[in-house]
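Structure at a glance
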Amino acid sequence: MALLKKALFALFGILLAVYFYSGNQEFKPEMLKGKRVIVTGASSGIGEQMAYHLAKMGSHVLITARTEERLKKVIEKCTNLGAASAYYIPGSMDNMTFAKHVVHEAKRLFGGLDMLILNHIGFTYFNFFDGDVDHIRKLLEINFLSYATMTVEALPMLKASGGNVVVVSSFA
């Protein structure tokens with residue numbers, strides 16, 4: 001009897017997955033035309049590439065990262081690719097006041113927000129814990145608290161626009 005319950009439970013899970021992931025809504029680039037988007041960690045890697053794709057689709061982009069010179073280059077390319085508008089704010093996400101400031105700037109610049117893409121990460125060394133609690137605190141601020149802070153600040157605008165929060169989790 002227990003085996004039958006497990007099999008039915010597994011079958012039910014598979015059926016739910018098929019139901020939820022078999023939608024026939026097709027992605028169309030024009031869906032993002034004119035959308036107001038923040039992309040964090042956008043000076044390189046995945047964040048940079050997302051900014052370029054959003055620009056090609058005609059979105060308004062506000063990017064942020066620590067390195068201003070790299071952000072300037074990304075903004076220049078976004079503008080050339082067709083972004084409706086493109087702005088940058090340099091700074092570090094270990095400062096919650098800065099994290100809030102980015103969201104408030106999106107409201108000031110765009111009048112609202114349609115998408116918050118959280119792509120920044122605090123880097124760490126991969127070895128045994130050496131007792132550096134301050135490093136752990138900084139990582140928690142960057143990798144967790146800033147995500148929560150930005151999301152809470154952006155929520156009223158995202159609710160008003162029916163917008164989305166996207167969280168990228170990758171070292172790529």
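Residues numbered from 1 in each chain as written. Predicted model: local features only at pLDDT ≥ 70, side-chain atom pairs only at ≥ 80, totals over all residues. Heavy atoms only, no water.

What to know about the environment of Gly131
Positionally, Gly131 belongs in the loop between β4 (115-118) and α5 (133-161). Counting along the chain gives 18 residues from Gly131 to Thr149, while the straight-line C-alpha distance between them is 27 Å. (Helix = DSSP H or I, 4+ residues; strand = E, 2+ residues; numbered from the N terminus.)

Overview of the side chain of His120
Counting through the fold element by element, His120 comes out in the loop between β4 and α5. A polar side-chain atom of His120 sits 2.8 Å from a polar atom in the side chain of Thr40. Side-chain polar atoms of His120 contact the backbone oxygen of Ile142, separated by 3.3 Å. In contact with His120, not counting residues within four places along its chain, are Thr40, Gly41, Met93, Ile142, Ser146, Tyr147 and Met150. (Polar contact = N/O pair within 3.5 Å; in protein donor to acceptor, adjacent residues only side chain to side chain. Contact = heavy atoms within 4.5 Å.)

Considerations on the pairing of strand β3 (residues 85-90)
Sheet analysis places strand β2 (residues 60-65) next to β3, joined by 6 bridges and oriented parallel. For His60, the partnering residue across the bridge sits in β3 and is Ser85. (Pairing = 2+ DSSP bridges.)

Observations concerning helix α2 (residues 45-56)
The end-to-end C-alpha separation of α2 is 17 Å, in line with the 16 Å expected for 12 residues at 1.5 Å each. Among all positions of α2, only Gly47, Glu48, Met50, Ala51, Tyr52, Leu54 and Ala55 are buried. Here the buried face of α2 lies against β1 (36-40), β2, α3 (68-81) and β4. Note on α2: the residue one or two positions beyond its end, Gly58, has a positive phi of about 80 degrees. (Expected span 1.5 Å × (residues − 1). Buried < 20%, exposed > 50% of the residue type's maximum accessible area, 1.4 Å probe, protein only.)

Describing the environment of His101
Locating His101 in the fold gives a position in helix α4 (residues 96-110). For His101, a relative accessible area of 37% corresponds to the partly exposed category. Taking C-alpha positions, His101 is 12 Å from Tyr88, a pair spaced 13 residues apart along the chain.

Digging into α5
With 29 residues, α5 should reach 42 Å at 1.5 Å per residue; the first-to-last C-alpha distance of 40 Å fits that figure. Here the buried face of α5 lies against β1, α4, β4 and β5 (164-167). With a side-chain oxygen lying 3.4 Å from the backbone nitrogen of Asp134, the N-terminal cap of α5 falls on Asp132. Backbone geometry just downstream of α5 places Gly162 in the positive-phi region, at approximately 70 degrees.

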